[in-house]
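Structure at a glance
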Amino acid sequence: LVTGDDGVIYVGIEDDFGKLEPDGKGQLCFHSLFDSTQQNQIYDLYDSTEQDQISDITFWKTYFDEGKVYFCSWYGIFVFDPSLNDISIIETPETGYFSFIVDHRLYNLDWANGLMLFNGDSFENIPGGDFFHEMLITGLEPFDERNLLVGTMDHGIYLFNTQNGTVDESFVDQ
């Protein structure tokens with residue numbers, strides 16, 4: 001969950017995403033923003049055999065960036081613009097996993113290709129990003145103006161230079 005600049009708490013959960021708003025008694029209640037139309041749009045991105053494998057859509061990460069809310073699943077990223085009350089969908093790579101927003105840039109871990117960057121239309125390979133293929137990235141944080149701190153599930157922590165694509169594997173002694 002994330003609190004937007006608008007003061008609203010946004011939540012991504014299994015099979016749904018939405019916001020917490022007070023009811024008539026002042027108790028916070030979940031109000032869904034996800035509907036069957038958007039779920040069908042996700043299914044339309046995949047062929048019929050892949051659709052059968054999508055039993056549920058879990059929204060693993062939620063971000064608020066530049067006035068928009070990003071509800072991130074493995075099957076797509078739903079972008080909610082509260083000012084327009086509009087939702088758009090960003091298609092994730094075929095073997096995409098977690099998505100991250102760092103310094104207003106949207107990244108996706110693709111199992112086959114590694115760390116990828118959204119260019120406004122689609123995710124593209126970035127120099128050095130292939131180092132992270134078949135690694136489960138669990139955290140991505142800014143380190144300084146050139147480097148990201150990359151945390152993985154089983155392979156440790158790395159320093160990744162986004163300008164030249166170099167990876168410092170000895171950044172943290174294991």
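All of the points below concern the structure found in this document.

So, how was this worked out
- Every chain's residues receive numbers from 1 upward, in the order its sequence appears when written.
- Where local features are concerned, this predicted model is filtered to residues with pLDDT of at least 70; where side-chain atom pairs are given and counted, the filter is 80 or more; whole-chain, interface and lining totals use all residues.
- Values shown for side chains rest on all heavy atoms present in the structure; no hydrogens or waters enter the calculation.
- Should DSSP find at least two bridges between two strands, the strands are taken to pair.
- Runs of H or I in DSSP of at least four residues are treated as helices and runs of E of at least two as strands, each being numbered from the N terminus.
- Remark: nonpolar core denotes a set of buried residues (Ala, Val, Leu, Ile, Met, Phe, Trp, Tyr, Cys) joined through side-chain atoms within 4.5 Å.
- Each residue's exposure class comes from its accessible area (1.4 Å probe, protein chains only) as a fraction of the maximum for that residue type: buried when under 20%, exposed when over 50%, partly exposed otherwise.
- Here a residue-residue contact requires only that any non-hydrogen atoms of the pair lie within 4.5 Å.

**Quick look at the sheet that holds strand β14 (residues 147-152)**
In space, the four strands of this open sheet follow the order β13-β14-β15-β16, with antiparallel pairing throughout. Both edges of this open sheet fall to β13 (137-142) and β16 (167-168), since each of them pairs with a single strand only. Sheet analysis places β13 next to β14, joined by five bridges and oriented antiparallel. Each bridged residue has a counterpart across the sheet, and for P142 the counterpart in β14 is L148.

**Things to note about the nonpolar core**
Grouped burial of nonpolar side chains is what soluble globular proteins tend to show. Ranked by internal contacts, the top residues of the largest apolar core, which has 26 residues, are Y70, I77, Y107, L115, F132, L140 and V150. For this core, the element with the most residues is strand β9 (residues 96-102), which contributes four residues. Leave out the neighbours within four places in its chain, and I77 touches Y70, F71, C72, S88, I89, I90, T92, S99, L106 and F123. Formed by 13 residues, the second largest nonpolar core is a distinct cluster that contains L33, I57, F59 and F71.

The analysis is restricted to geometry; functional conclusions fall outside its scope.
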